[in-house]
Amino acid sequence: MQIFKVIEDAIAKPPIPHEPYKQSLKAWSMYCLRDKGFKVVYAQKADFAIETKGAEKLYFKVSNSPDDLDNSLSWIVWDSATKSASLIPKK
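Residues numbered from 1 in each chain as written. Predicted model: local features only at pLDDT ≥ 70, side-chain atom pairs only at ≥ 80, totals over all residues. Heavy atoms only, no water.

Caption draft 1: Representation of the nonpolar core within the structure. Core analysis: the largest hydrophobic core is formed by 21 residues, its most contacted members being I7, L33, F48, F60 and I76. Among the secondary structure elements, those contributing two or more residues to this core are helix 1 (2-12), helix 2 (25-35), strand 2 (48-51), strand 3 (57-63), strand 4 (74-79) and strand 5 (84-88). (Core = buried A, V, L, I, M, F, W, Y, C linked by side-chain atoms within 4.5 Å. Buried < 20%, exposed > 50% of the residue type's maximum accessible area, 1.4 Å probe, protein only. Helix = DSSP H or I, 4+ residues; strand = E, 2+ residues; numbered from the N terminus.)

Caption draft 2: Broad picture of the sheet that holds strand 2. Spatially, five strands are ordered 1-2-3-4-5 in an open sheet, and the strand pairing comes out mixed. Every other strand in the sheet has two partners, leaving strand 1 (39-41) and strand 5 as the edge strands with one partner each. Averaged over all adjacent pairs, the angle separating strand axes in this sheet is 30 degrees, with direction ignored. The pairing of strand 3 with strand 4 spans four bridges and is classified as parallel. Bridge pairing in strand 4 links K61 to W75. (Pairing = 2+ DSSP bridges. Axes fitted to C-alpha atoms, helices over the stretch in contact; angles between N-to-C directions.)

Caption draft 3: Representation of the environment of T52 in the model. Positionally, T52 belongs in the loop between strand 2 and strand 3. Spatially, the C-alpha atom of T52 lies 7.5 Å from that of K39, the residues being 13 residues apart in sequence. Ignoring sequence-local partners within four residues, the contact set of T52 consists of I3 and L58. (Contact = heavy atoms within 4.5 Å.)

Here is the structure:
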């Protein structure tokens, strides 16, 4: 999907760097996506969701480890070794 490319760009080239000692990965991810114009909303079954123009919601969770991720959701994963975030789309 094209939207995942835009989301990936938003976290790969963030408006502010993620500093784990200052903000949570969830708050940082939501900020980066809102900065790119996404409508980020509350989600009961995930950390947050993005509403698309077609009223569809894309659900996201965040993690500091790429291990044991639920394939039914999309993930934003922080790699502390490279100090970068990556997107793992829902399968």
